[in-house]
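# Inside the fold
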Amino acid sequence: MKIAILTSGGDSAGMNAVVRAVVKTGVLKGCEMWVVREGYEGLVRGNTEYTQTDESVAPTPSNNGLVSEEGTPSIVNNLRFGDGSLLRDGTCDYTGGRTLNGRYIVRVGFDDVRGWFAEGGTLIGTARSKAFRTPEGRLTAAYNLIKEGIDALVVCGGDGSLTGADVFRAEWPSLIAELLAQSKITEAQAKEHAHLKIVGLVGSIDNDMSMTDMTIGAPTALHRICEAMDNINSTAISHSRAFVLEVMGRHCGWLALLAGVAGGADFIFIPERPPKSMSWEDEMCGAIHRHREMGKRKTIVIVAEGAIDIELNPIKAEYVKEVLTTRLGLDTRVTTLGHTQRGGRPCAWDRIMPTLQGVEAVSALLEATPKTPSYMIGIQENKITRIPLMEAVEMTRAVAQAVSEKDFEKAMSLRDPDFAESLDGFMATSVLVKEPALPKEKRLRVAIMHMGAPAGGMNAATRAAVRYCLRQGHTPLAVQNGFRGLLDDSIIELSWLGVDSWMPRGGSELGTNRTLPSIDLGAVASTFQKFSFDALMMIGGFEAFHALLILEEGRKHYPAFHIPMVHLPATLSNNVPMTEFSLGSDTSLNALVDACDAIKQSASASRNRVFVVETQGGKCGYIATMGALATGASLVYIPEVGINLDMLRRDVRFLKTRYSLDEKGRNEGRLVLRNEAASSVYTTEVLTNMFKEEGAPLFDARSASLGHTLQGGVPSPIDRARAVRLSLKSMSFIELHHSLLQTQPAKTRQASGDSAAVITIQSHSIKWVPVQEMAKHADMKNRRGKESWWQAQGVTELIEALAGRPSLNSHSSQATKSRHQGQKL
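In this text the structure is predicted, and so the values were computed from the model without any measurement.

On average, residues of the protein chain score 93 in pLDDT, and 94% of them reach the 70 mark or higher. Here residues 53-57 scores under 50 on pLDDT; set against residues more than four positions off or in separate chains, the count is eight contacts. Every residue in residues 63-73 scores below 50 in pLDDT, and together they form 17 contacts with partners more than four places removed in sequence or on other chains.

Structure representation (C-alpha cells):
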C-alpha cells in the first residue's frame, strides 16, 4: 500500500510526531510512504510544476535493495529518499543539489523523519486551500494521488480538515469516473485505485473535538499558557496588580478553563458557560473584591477569545480591564498570548499521544475496506480509540450550534464529562463563600499528609482539598513531615489565602518522608484521638498505599482509625497498583524530555555518540519506558524485563548495524534509557563502557544520570489539573463515608473496608479501590503493581520497532548468514 500523510488547518505541537510515527510504522509494515507538503493545497498542486532535469533530485533509495523474507521491501531499502533534511530545515533546495520546488507529494523513508517530534509546528507545512473546496480542485487532487499510485491518506487537522477528507473519500468513485472519461487515467489505474482509504487525527490546540479526551497540540498549548501565568504571577504580586489574559478558544473554552484550574485564576470566561446574568460585571467584581478583602495581592482573569455573555455578546479582554480598573480601582494590564500558544517544542504527552495514534492510524488503513467508515483516531486516558469520523465532527458542531441557540446546558452536556468536572473544580477552588455550605454538626476535622518522595501536583492537590474544606465548613489540618511530624504533634491549620500560591509549586510544602505508621502504631492512634481527626487524606506514592494498608489493619485494635481514610497516588514512578496515572509522573516525564533533548543535541553535535541516560523510578519502569517513547530512544532497560548477556549482544549488534547505515557525515547521536534498578550487575557505567568498547570505531558512548532532577521543578498543567480533580473527589468520598458512619451508634462505630480506599484512574473513569483489594494486585517486594497498562499495550516493543531494532537485527543476521555462505563456497 502507498500511504500519504498531510497536515491541514492551524498548526499544533505534535503534528510532527504524527508524521514521524505514521511514516516509520508504514515502512515497518511494508508500505510506501509519502508526505504532502502544504496540506490540501499540496494535493491540488501535486508534482506538476516540477520538471526533473537532474538525477540528483530524483528520489533515491538509500541502499542495495534488500527485501525481507516475506518479500516486502526491507527497512534497509527504505531508510532515506534524500529529502528529509530539506523538509526538516524548512528550505526548498540546496545550492547545486536537491530541491523541493514544484514538488508537493514527496516520498520519504524511515530516517527522513528522524528526530521530528522534538520540533514544534508542522515541518511538512499547512495552508488554507480554496482550490480544494471546489470540485475541480478535488478532481486535480485525485489525479495527483493516482499519478503517484497513492490510494490511502492520513489527515491531521481540525474538524474542517477532517470533514474535507470525508467529502473527498465520498466523491472518490465519481472523481475516478470523470478522470477516466477525460482519458487522464487508464482503466487499469481506475480499477486499481477504485477506493480511497482515509483516516483522521485531530490536530487542534483548542481541544475542541468531541469523542476524544485530548487533541494533538492541546497539552502543549496549555503548557505555554500556564508558563505565562506563572511568570505573570510574580510581577502581579509585586505590584498588587490585576492581569487579564486572553487565550485561544473561539468555540471551545477548554484552554481557558484548564488554565484557570491549573494556574489558580480568580475568574474565567468561556463560550460554553457564560456568566448567569447580564450584569456579569457585578458577578466578577464581587468575587474579586472578596479575594482582595481577604488579602490577595494579585488578580488573574482569563478570557477565551470566543467568550460571550448570555445574550451572545462578545466579552473582550480590554473591556474586562476597564471594568476592573473603574469599579475596583485595580491597576490592570492585558496580556494577549496569541500565537505563542501554538509554538515551541511539544511537551511529553504531545509526543507520546501522537505517536500511539499514528501507529493506530496505519493499522486502521491496512484493515480498511470500502464498507468501513472513515475513522478518527482518538484517545481516552491512555487507550487509543477508533471513532467514525463524521460522528465526532457532527457532535463537535452540535456544541457550537447549542451555544448559538443559547442552550448552554446542552453545550456543556455535549462536552466530555471531564469538562463539566473541571468547571465544578474551578468554582470549588476559586470562589470564596460568605458562609460554609454545611451545618456545624456535619463539619469535619480533616488531616492532610504527604508521604514518600516529593512529586509534582502534591501541593496543588492540598490546595484544592483545603479550599474545598473551607467552602464546606471543614477544618483542614496539615500534618507536617509525614508520620514523624504526626508523632511530634507538628500539625497546623491551613487557611484559604495561605495555600493560594501553592498551585505552581513543586516538591512538598508540608514536608514528606518514607516513615510508615508501623514505627509506633499506638502513638499514631493516640495522636489521631488527641487532634480529633474525623478523616485522613494521604497524598503520596507506594509508601502512602502501604501506610493506608497498615492503618486499615490497625482498626482491629485502635478505634481512632475507624474514620474515612483515602490515598491519592502521587509519585513520579507511577508504581501504585491499579491506577494508570499518579500525580507527578507527567511532570517527571516533561523533565526527562527536556533533559534528553539537551543531551541528544550534545550527542548529535559530537556525531557518532550514544548516551546512556539513567532515570529514577525504583523498580517500576514507567518513567524510563514512556520517556524512551517521548524522546525517540534506541533502547530502554527496565526492571520488569531485566538485562542479560544475550540481550546486550543483540543490542550492540543493533547499534553497530544502525551506525553503519547512517549517511556519511550526518551521523546522529542516540539515546539509551536505563532505569536505575534495571540490573544490579549491568550498571549504567558497565553499559557505557561496553558500548564504548564494542562500538569503536563506529560510535562512542557517554553516560548521564538525571537523578533527583526528575522530582523537582514546576508541576505540569496536566498534573495540576488532575490533582484538583482527584482531590475534590477524595473530599466527596470522605464526606460520604463519614455520613455513613454517623448512622451507627457512637460507641460502637465500625468503619467498613470500603472507607479506606485508593482513588485510581482506570481507562476512562475514576474508581475507588479498597486498600485490602488493592493489596491483592500489589507486588510488595518490588513496590509496584503486578500488572501495568503500558506493558500490556506493548510500549517497550513499540519503542524498539520505531528505532528499527527488530528489523535491523534481522538484516544483520541475514548479512552474516550470506557472508558465511560465501566463505563456504
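Before going further, it helps to examine the pattern of salt bridges. Enumeration according to the criterion identifies 47 salt bridges in this entry. As a salt-bridge pair, R114 and D111 come within 2.9 Å of each other at their nearest N and O atoms. Looking at R114, the relative accessible area reads 15%, which means it is buried. The partner of K530 in a salt bridge is D489, and the shortest N-O contact between them spans 2.4 Å. Linking K530 in helix 17 (residues 521-530) with D489 in the loop between helix 16 (482-487) and strand 14 (491-493), this pair joins segments that are 41 residues apart in sequence. Among the residues examined, K530 registers a relative accessible area of 56% and is labelled exposed. Ionic contacts of the salt-bridge type, sharing partners, join the residues R80, D111, R114, R658, D662 and R670 into one network.

What follows concerns the sheet that holds strand 7 (residues 267-269). Spatially, four strands are ordered 7-8-6-9 in an open sheet, and the strand pairing comes out parallel. The sheet is open, and its two edges are formed by strand 7 and strand 9 (332-336), each paired on a single side. Adjacent strand axes in the sheet meet at a mean angle of 15°, parallel and antiparallel pairs treated alike. Across the sheet, helix 9 (residues 280-294) lies against strand 6 (242-247), strand 7 and strand 8 (299-304), angled at about 155° from strand 7, the strand it touches most.

Since the α-helix advances by 3.6 residues per turn, residues separated by three or four positions end up pointing in the same direction. Of all the positions in helix 17, only L521, V524, A525, T527 and F528 are classed as buried. The buried residues of helix 17 occupy one face: seen down the axis, they fall within an arc of 160°. With respect to the buried face of helix 17, the exposed residues turned more than 90 degrees away are Q529 and K530. For helix 17, the elements touching its buried residues are helix 16, strand 14, strand 15 (535-540) and helix 18 (542-553).

All right, on to the packing of aromatic side chains then. We describe a pair of aromatic rings using the distance from one ring centre to the other and the angle between the two ring planes. Here the structure, examined in full by the defined rule, presents 17 aromatic pairs. Geometrically, the ring pair formed by F528 and F561 is edge-to-face, given 5.2 Å between the ring centres and 85° between the ring planes. Highlighted residues: F528 in helix 17 and F561 in the loop between helix 18 and strand 16 (565-569), separated in sequence by 33 residues. In this structure F528 comes out as buried when scored by relative accessible area, which is 2%. Exposure remark for F561: the relative accessible area of 0% places this residue in the buried category. When the centroid spacing of 6.3 Å and the interplanar angle of 70° are considered together, the rings of Y622 and W790 count as edge-to-face. Of this pair, Y622 sits in helix 20 (residues 622-631) while W790 is found in helix 25 (residues 789-792), placing the two residues 168 residues apart along the sequence. The same class applies to Y622 as to W790, namely buried. Every member of this aromatic cluster is reached through a ring pair, and the members are W349, F581, Y622, W789 and W790.

As a further point, take the environment of A677. In this fold, A677 is placed in the loop between strand 19 (670-675) and helix 22 (684-695). Considering only alpha carbons, one finds A677 and G618, 59 residues apart in sequence, at a separation of 5.9 Å. Ignoring any residue separated from it by four or fewer positions in sequence, one finds A677 in contact with G618, K619 and P639.

What follows covers the sheet that holds strand 12 (residues 445-451). With mixed pairing, seven strands are arranged side by side in an open sheet as 14-13-12-15-16-21-22. Every interior strand has two partners, whereas the edge strands, strand 14 and strand 22 (765-770), have only one. This sheet shows a mean twist of 25° between the axes of neighbouring strands, independent of strand direction. In this sheet, strand 15 lies alongside strand 12 in parallel orientation, the contact comprising six bridges. Opposite M449, over in strand 15, you have M538 as the bridge partner. The sheet contacts of helix 15 (residues 458-472) involve strand 12, strand 13 (475-479), strand 15 and strand 16, and relative to strand 12 the element is tilted by about 180°.

Before going further, it helps to spend a moment on unusual backbone geometry. Of note, the bond from A696 into P697 is cis; its omega dihedral lies within 30 degrees of zero at 0°. Mapped onto the elements, P697 comes out in the loop between helix 22 and strand 20 (700-705). Of note in this structure, E38 is not a glycine but carries a positive phi near 65°. Within the fold, E38 resides in the loop between strand 2 (32-36) and helix 2 (39-45). Accessibility expressed as a relative area gives 26% for E38, which makes it partly exposed. One non-glycine residue, L312, lies in positive phi territory at about 70°. Looking at the element boundaries, L312 is found in the loop between strand 8 and helix 10 (317-328).

What counts, and where the lines are drawn
Residue positions within a chain follow its written sequence, with the count starting from 1. Selection of residues for local features in this predicted model requires a pLDDT of at least 70, selection of side-chain atom pairs for listing and counting requires 80 or more, and totals for whole chains, interfaces and linings are taken over all residues. To get the side-chain values, all heavy atoms of the structure are used, and hydrogens and water are removed first. Confidence scores per residue from the predictor, reported as pLDDT, run from 0 to 100. In this analysis, two residues are considered to be in contact whenever any of their non-hydrogen atoms come within 4.5 Å of each other. One side-chain nitrogen of Lys or Arg within 4 Å of one carboxyl oxygen of Asp or Glu is enough to make a salt bridge. The rule is simple: take the accessible area with a 1.4 Å probe, protein chains only, and divide by the maximum for that residue type; under 20% is buried, over 50% is exposed, in between is partly exposed. Runs of H or I in DSSP of at least four residues are treated as helices and runs of E of at least two as strands, each being numbered from the N terminus. Pairing between two strands is assigned when DSSP locates at least 2 bridges connecting them. What counts as an axis is a line fitted to C-alpha atoms, over the stretch in contact for a helix, and the angles between N-to-C directions run from 0 to 180 degrees. The arc refers to the directions leading from the helix axis to the C-beta atoms. By convention, a stacked pair of Phe, Tyr or Trp rings (six-membered ring in the case of Trp) has centres within 6.5 Å and planes under 30 degrees apart, an edge-to-face pair has planes over 60 apart, and any other such pair is tilted.

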